[in-house]
Amino acid sequence: SPRRPSLAEMETHGFSFVGPVSGAAASADPTKRTMTPIVTGTSVLGIRYNGGILLAADTLGSYGSMARYKDIRRMEQFGKYTVIGASGEFSDFQYLRDHLKQVVLNEHVIGDGSELYPKEIHSYLSRIMYNRRSRFNPLWNSLVIAGFRDNTPFLGVCDLVGTNYTSDTVATGMGAYIGLPLLRKGWKADMTRDEARQLLESTLRVLLYRDCRTINRVQIADLSAEGISISEPFQLETDWSSADHAPNSHDGTW
Amino acid sequence: QTCSFRGVSVCFAMFRNQYDTDVTTWSPAGRLHQVEYAMEAVKQGSPAVGVRSNTHVVLATLKRSANELASYQKKLFRIDDHVGIAIAGLTADARMLSKWMRTECLNHKFVYTSDMQTSRLAVKLADKAQVCTQRSYKRPFGVGLLIAGYDQTGSHLFQTCPSGNFYEYKAMAIGARSQSAKTYLEKNFEAFADAPLDVLTRHALLALRESSSDNELTPLNCSLAIVGVDRKFEIVEGDALEPYLAQINNDEATDDAMES
């Protein structure tokens, strides 16, 4: 079965991996390759405002339709300038977390005073994702990479096939279908942090109502000149009363 | 004993040692003679000067030609938009190294979408050179480089040696008669950090002139490279050099006029 290259090999060989890359040997042993995600996170939203970035994600790890793990952290900081949010297979995000932590540490250990830029991390992740998809063993995630450095905000996306881009408004998963049109409609250049936060929260609320794989326990990350902060999980105010007036909503009740 | 190699004359004034056959043999005095002989090849190359300010790095080199019919040997190589090198020593080795450096920069750019840091490139090159000092089946590279680059941490000038050592400099000269250039640089380097580009190039050329045997820099025998905050690595040669050379010649005329 194809051996997963070690970190040392990735460092020295770059992306010319040792071991079978194609052919019968590579497609053998499907139990060692992610074919379907098991524990998944739903949407991650991102928006750029005048002076920074806001990211949002809930804290749910779904096990199919079961709301199994209610306090997982799908957003994490890497280095001084970058936050990454992940939707999709959570174990693959855990792997990426460990790997990126090591990458950041290796940079630090070189000791020449330079640190990875958000766009460099975005580019590096894109190369990893594309390389994995080309070997038919993807990291089943859609990642949002947000950063703020040298007074410049950065907001990018990279998915499990390696498609990557930057934008003022981003969303993964269900959020890309339901949330993104709302974010795009509400976004304007030079919006303030508070305006962006309101837009983000109202979009999150819509997703809470309409996406079946969410829970009302969300985090918001803020990247700006003041630094990076990822909030503790909190609840959004919701109003389900309209459900009581839906047709046939009284069946079996009085 | 003299031998000619690709138009570069190498003269060994030193005595023969019994411990200099292999690069992997130490001498009783704790030296690796083969490595030192390789550094000698660098000293025999024509002079190259590098000067650095906070915003720019300038490389100035003297090119040699084998005879009147021949072209002048190339001394400057562009590695990437933000970094380039001046060489002294075996040009063939230099071409291999510059090809390798270009690939390293391109690979980095492909993965990270950003310029590779000059210091990281210098370290990788030094480590590559060191390997050749510790294998019985290899020989050291016979070329010294001045690496000039501008990246996210600012302007940088590095020197690399066949020994695998590398050093960062505010100003440096390598090759034949480089000591004369170094003397000029030692006298003037304190002015480099804040110098505007035209002053910096003037210093580079004046330092280079100290190393030329006949004190004459011409558009044919001289080449210049500039890289900096607003400037991709660019080699200036031939007629394009006229204004730069005129600048140092005019200053001299002014000095003479003031003296008389």
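Here is what the cut-offs are and how they apply
Residues numbered from 1 in each chain as written. Chains lettered and ligands numbered in written order. Predicted model: local features only at pLDDT ≥ 70, side-chain atom pairs only at ≥ 80, totals over all residues. Heavy atoms only, no water. 1 Å grid on protein atoms, 1.4 Å probe; cavity = no way out; pocket = protein on both sides within 12 Å on 5 of 7 lines; lining within 4 Å. Points joined across faces, edges and corners; volume = space filled by probe spheres on them. Helix = DSSP H or I, 4+ residues; strand = E, 2+ residues; numbered from the N terminus. Nonpolar A, V, L, I, M, F, W, Y, C, P; charged D, E, K, R; others polar. Expected span 1.5 Å × (residues − 1). Buried < 20%, exposed > 50% of the residue type's maximum accessible area, 1.4 Å probe, protein only. Contact = heavy atoms within 4.5 Å. Buried area = accessible area lost by both parts, 1.4 Å probe. Salt bridge = Lys/Arg side-chain N within 4 Å of Asp/Glu carboxyl O. Pairing = 2+ DSSP bridges.

S.K.: How do you make sense of empty space enclosed by the protein when you look at a structure like this?
M.R.: If a probe the size of a water molecule is rolled over the atoms, the empty space left behind becomes visible. All names here are of chain A. Tallying each qualifying case throughout the model produces three cavities of 30 Å³ or more. Considering only enclosed or pocket space, the second largest cavity measures out at about 60 Å³ in volume. Counting only elements with at least two residues in the lining of the second largest cavity, the list comes to strand S3 (52-58) and helix H6 (193-210). No other element matches the three residues that H6 contributes to the lining of the second largest cavity. Along the lines of polarity and charge, the residues of the lining of the second largest cavity split into six nonpolar, three polar and two charged.

S.K.: Explain helix H3 (residues 90-110) of chain A here, please?
M.R.: Residue pairs three or four apart in sequence face the same way in an α-helix, which turns once every 3.6 residues. All names here are of chain A. For H3, which comprises 21 residues, the first-to-last C-alpha distance of 30 Å matches the rise-based estimate of 30 Å (1.5 Å per residue) to within 8%. Phe90, Asp92, Phe93, Leu96, Arg97, His99, Leu100, Val103 and Glu107 are the residues of H3 that are buried. Where H3 ends, the next residue or the one after it, Gly111, has phi of about 70°, a positive value.

S.K.: Which parts of the structure should I look at to understand the interface of chain B and chain A?
M.R.: By a frequent convention, interface size equals the accessible area lost on bringing the separate parts together. Taken together, the ten residues of chain B in the interface contact 14 residues of chain A. Around 1,100 Å² of area is buried between chain B and chain A when both sides are counted, 47% of it from carbon and sulfur atoms. The largest contributions to the chain B side of the interface with chain A come from Tyr112(B), Arg120(B) and Gln152(B), which together make up 53% of the buried area. In this assembly, chain B and chain A are joined by two salt bridges.

S.K.: Explain the pairing of strand S6 (residues 83-89) of chain B to me, please; I cannot follow it from the model alone.
M.R.: Residue and element names in this part refer to chain B. Of all seven residues in S6, seven are buried, a share of seventy percent or more. Alignment of strand S5 (residues 76-80) against S6, held across four bridges, turns out to be antiparallel. Bridge pairing in S6 links Leu76 to Ala86. The antiparallel pairing of S5 with S6 creates a hairpin that spans two residues between the two strands. Relative to strand S7 (residues 143-151), S6 is paired through seven bridges, and the arrangement is antiparallel. Within S7, the residue paired with Ala88 across the bridge is Gly144.

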